[in-house]
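# Results of the structural survey
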Amino acid sequence: MDLKTGREFDVPIGAVVKLCDSGQIQVVDDEGNEHWISPQNASHIKPMHPTSIHGVEDMIRLGDLNEAGILRNLLIRYREHLIYTYTGSILVAVNPYQLLPIYSPEQIRLYTNKKIGEMPPHIFAIADNCYFNMQRNNKDQCCIISGESGAGKTESTKLILQFLAAISGQHSWIEQQVLEANPILEAFGNAKTIRNDNSSRFGKYIDIHFNKRGAIEGAKIEQYLLEKSRVCRQAQDERNYHVFYCMLRGMTLEQKKKLGLGKATDYNYLAMGNCTTCDGRDDSKEYANIRSAMKVLMFTDTENWEISKLLAAILHMGNLQYEARTYDNLDACEVVQSASLITAASLLEVEPQDVMNCLTSRTIITRGETVSTPLSMEQALDVRDAFVKGIYGRLFVWIVEKINAAIYRPPSQELKSIRRSIGLLDIFGFENFTVNSFEQLCINFANENLQQFFVRHVFKLEQEEYNLENINWQHIEFTDNQDALDMIAIKPMNIISLIDEESKFPKGTDATMLHKLNSQHKLNTNYIPPKNNYETQFGINHFAGIVYYETKGFLEKNRDTLHGDIIQLVHSSKNKFIKQIFQADVAMGAETRKRSPTLSSQFKRSLELLMRTLSVCQPFFVRCIKPNEYKKPMLFDRELCVRQLRYSGMMETIRIRRAGYPIRYTFVEFVDRYRVLMPGVKPAYKQGDLRGTCQRIAEAVLGKDDDWQIGKTKIFLKDHHDMLLEIERDKAITDKVILIQKVVRGFKDRSNFLKVRNSVLMIQRYWRGHNCRKNYGAMRIGFLRLQALYRSRKLHKQYHMARRRIIEFQARCRGYLVRRAFRHRLWAVLTVQAYARGMIARRLYKRLRGEYHRRLEAEKLRLAEEERLRKEMSAKKAKEEAEKKHQVRLAQLAREDAEREVKEKEEARRKKELLEKMEKARNEPVNDSEMVDKMFGFLGTTSSLPGQEGQAPNGFEDLEQAQKELEEEDLDAALPLPEEEEEDLSEYKFAKFAATYFQGTTTHTYIRRPLKQPLLYHEDEGDQLAALAVWITILRFMGDLPEPKYHTAMSDGGEKIPVMTKIYETLGKKTYKKELQALQGEGEVTAAAVKETLTHIDGHKKNSVRHKLVSLTLKKKSKLTEETT
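Overview of the structure. On a predicted model such as this, the values are computed, not experimentally measured, just so you know.

## Section: the overall build of the protein chain
- Summing up its helical and strand segments, the protein chain has 39 helices and 22 strands in all.
- Here the protein chain holds 1125 residues, and the buried ones make up 41% of them.
- For the protein chain, long-range pairs separated by at least 24 residues make up 66% of all intrachain contacts whose partners lie at least 6 apart in sequence.

Here it is in structure tokens:
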């Protein structure tokens, strides 16, 4: 449907008919917009070809062979996330602006060794055909990836590299080095622009070298025209090169401190575009990747640090501040003293004053005399920017050379060594900005050459080949940009030669250059002169449209030379690295530098070498399409895509590819390759009529009427013909291989069969004898088991019969006992009920009788009161007054009854709560620690004074009273002598006992730490643990060892664990329950022994109450442990 908007890049849009009613046709176009069309105005709609409804993988098969059909095919596939489409062997790739799961190792495996068309379109299919064509035809290949900036050329290059590294199958160190070169080149040569977040600001040609086995053995990288001006200035919402931001985010604080670095927003060169971050990029992570890649590519730590110093110096140079001055009526300036100046000078290892002089003055040598001329502020800024661009440009060249030194291997001199290569060209896309300068002219000149190469390959060479071979062919007119190339760089007095010529004149300016261009090319249709003398821009009609170039700064950029002052400053530096990257400039004299080739001539020469290299390779083309200018996924700008398709020559490509023959073989190649398809065909060198043989093979496989042709020296085929021939050849070779395999395997298997047959017969003989013996044994065991089962069954029946009788007898006995117990319990219950009901009746009777007596008494009081009042007043009043008092007394009686009832209820409730509390206490587990604290809490802490231990618990009051009744003793007084004869106790000293019987190094003195082994020897392990536990208990009791915090570590508060169990767990030894019970049974004996030991040490206190309580505590704990356990 043609909407006829009148715009240049508007084409008909696809639509679906939704409704045909009441003379109107309702359609919905591909953008989702509804349109109502009347049948009278339906001239601008036409039916869609069936191939355009759902789209095709190869646009050669499109029925609608026009821009609208191509655009709709790309749109349909793009919305289904199918970003790749073929045009014959040319791949069209639409940038998805999102990650798609189509680049996994599984995808690489699927596309390996597949012809174009066997699998859905993919960048891996192009890479696979490059690789296998190189091996099959023994010819160098190249892949030219073209498209506008932001179309995805760099990512396509990386994907092809990834595929080639995987398919070569070696996984060698050189492959890893080739892959790791990309992160470094992207960091130093890519930047965020308005159109692309990872735009390549330089061109590169990666030549990958393969040995005869198909393994990668090296590579070489050529770089073209780095955009050095980006270091100094960027447009709005654009960034400087990635490496600056990665360095600031990824370096450690110590490293940044050494270089005097801060945040990206602190530097003029990084914050000029008001954009220091990039969505989807993690600069700190990228910096780690860059460092690891540099290690792989043999960059030393010293070189990495020197690179960082130069990058930091560039940032500090950008922060220099200038002040305008006037000396002798001349405009001059000075650099303001600042930390940036000192830091930059120290990083460059030169004197700050030398930097100031170099940036604010220019030294001119005339007739042997040296004259220093001050620079204006504008000139000084240009000198600073030129110095910075010179540093960065030469640093980038050095990095590329360093990478090539690591990955390039010179070809071997051996005759048998054959090295083939695959070249990947990733060069700047066509650019047309608001302001276009010298860089854009060079970039667009390169794209013109690539377009011409594409045109020459696809159009010119195709038609010339067909004409030379004298095959039927209809000539197609095509768009040729040769005139534009002639004007720019080929014919005499071309634009680049005029710019070079003006650059070499000392007094040449941008204005004089523009005047020469206008006078020379104003009549050329591809040249657009300025509209008046005041304009400073000219236009060129490129293959992708008209671009206007601003001439300001053209000559300076083209000269690309540094003043002698800057070279002298570099020469005076103590930094060997900066001298190394400026080595060529320092070695070149001032006069030589003036005659050095300009940037445009160098670029032109490099481009010529590149085109010469491409011309000897078999090319593959990848056309990258940018779907929108906003870098958003699933957004398809129709006009933008039409413009890219139109100026890329895609329409002519599709027509000539569809009508042409992209596959061609010489007769010798065809016969040698496909003679297996016809039995009896001899090799080509034995053939007399090669043309006739080719024709017979083609007719047998492809048919006589199919669209293939034979020329004078070659046979011409379509893409699908080549695929069919390859499939049939694989089948034929496979059949022959299978036949050979069958014969060899048959002979081998027959020989093996005879050997195996003899072996099997012998095994069978031995096996049958063994099997009979085994069966006999099994039968014998079976009969024995049968006898055992029969006997056990008989005993089982007897047992069950006796058991059933006993159970029946038990049931009758138990029934009798239960009935008897029930009758007795029933009698008891009836008796209890009778007594309880009697008690309740008596209580009720007693209460009612008391109430009756009280009311009777009240009635008597009323009558008496009434009799008394009759004497004082009339009978009626007396009766009323008496009745009133009677009612008061009745109310008082009612209140007393109510209070008494409340008291009875409260008493009943209290008794019930008490019973519940007792029941709950009875059911709760015993907590030994709480029980001991409750019983012996009156002892207080170890620091409490005697007689101030606290109140004794219930049941121990007599001990406290007994203590108060004791007479005060003088402990210092001598003990009374015994009446009997004094016994000699010198032989029974405790020290002597300890020295005799105690184990290890333990002495008789008291120690304040746990023992490693018992004092006395015990054979039983349980006795040893009990002795150690008793000593720990003594230490805790004496306050020399803190109480264990086992209740927080071993229980949650609800679980009650015995004391002895806690002690054993504290010691880290768990005993069995029986051993623990045995130890607990002996607890009292052990405690008594400890008490005797303490008594021997402090004999004069053996009768005190405290020691009795100590002994009682130990014994009580042992008993408690027994009960709880």
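## Describing the sheet that holds strand β20 (residues 663–666)
- Spatially, the 3 strands line up as an open sheet ordered β20-β22-β21, and their pairing is antiparallel. The sheet terminates laterally at β20 and β21 (709–710), the two strands that pair on one side only.
- Bridge analysis of β21 against strand β22 (residues 714–717) gives 2 bridges, and the strand direction is antiparallel. Each bridged residue has a counterpart across the sheet, and for glutamine 709 the counterpart in β22 is phenylalanine 716.
- Each of β20, β21 and β22 is contacted by helix α27 (residues 667–674), which is oriented at about 95° to β20, the strand it contacts most.

## Some remarks on the sheet that holds strand β16 (residues 527–528)
- If you trace the 3 strands from one edge of the open sheet to the other, you get β16-β17-β18, paired in antiparallel fashion. Whereas interior strands pair on both sides, the edge strands pair on one side only; in this sheet they are β16 and β18 (545–550).
- Note that strand β17 (residues 537–542) and β18 share 6 bridges and pair antiparallel. Bridging across to β18, glutamine 537 finds its partner in glutamate 550.

## Digging into unusual backbone geometry
- The residue tyrosine 97 is not glycine, and still its phi comes out positive at about 55°.
- By the secondary structure assignment, tyrosine 97 is in the loop between β5 (90–94) and α3 (105–111).
- Here the phi dihedral of glutamate 349 falls at roughly 60°; this positive angle occurs in a residue that is not glycine.
- Tracing the backbone through its elements, the reader meets glutamate 349 in the loop between α12 (339–348) and α13 (352–360).
- Residue glutamate 349 is classed as partly exposed on the basis of its relative accessible area, which comes to 28%.

## A look at a positive patch on the surface
- Together, Arg843, Lys846, Arg849 and Lys911 make up a positively charged patch on the protein surface.
- Among the elements that take part in the positive patch, helix α29 (residues 719–870) stands out by supplying 3 residues, more than any other.
- Within the secondary structure, arginine 849 is located in helix α29.
- Exposure remark for arginine 849: the relative accessible area of 39% places this residue in the partly exposed category.

## Quick look at the side chain of lysine 626
- Take lysine 626: it is sitting in the loop between β19 (618–625) and α25 (638–647).
- A polar atom in the side chain of lysine 626 sits 3.3 Å from the side chain of glutamate 629.

## A look at the nonpolar core
- Phe188, Phe244, Ile307, Tyr392 and Ile403 are the most contacted members of the largest nonpolar core, which has 133 residues in total.
- Among the elements that take part in this core, helix α14 (residues 377–407) stands out by supplying 14 residues, more than any other.
- Membership of the second largest hydrophobic core comes to 50 residues, among which are Tyr205, Leu450, Ile495 and Leu599.

Rules used throughout
- Residues numbered from 1 in each chain as written.
- Predicted model: local features only at pLDDT ≥ 70, side-chain atom pairs only at ≥ 80, totals over all residues.
- Heavy atoms only, no water.
- Helix = DSSP H or I, 4+ residues; strand = E, 2+ residues; numbered from the N terminus.
- Buried < 20%, exposed > 50% of the residue type's maximum accessible area, 1.4 Å probe, protein only.
- Contact = heavy atoms within 4.5 Å.
- Pairing = 2+ DSSP bridges.
- Axes fitted to C-alpha atoms, helices over the stretch in contact; angles between N-to-C directions.
- Patch = residues over 30% accessible without salt bridge, like charges linked within 9 Å, V, L, I, M, F, W, Y side chains within 5 Å.
- Areas by Shrake-Rupley, 256 points an atom, 1.4 Å probe, with all protein chains shown as cover.
- Salt bridge = Lys/Arg side-chain N within 4 Å of Asp/Glu carboxyl O.
- Lys, Arg positive; Asp, Glu negative; His and termini not counted.
- Charge placed at Lys NZ, Arg CZ, Asp CG, Glu CD.
- Polar contact = N/O pair within 3.5 Å; in protein donor to acceptor, adjacent residues only side chain to side chain.
- Core = buried A, V, L, I, M, F, W, Y, C linked by side-chain atoms within 4.5 Å.

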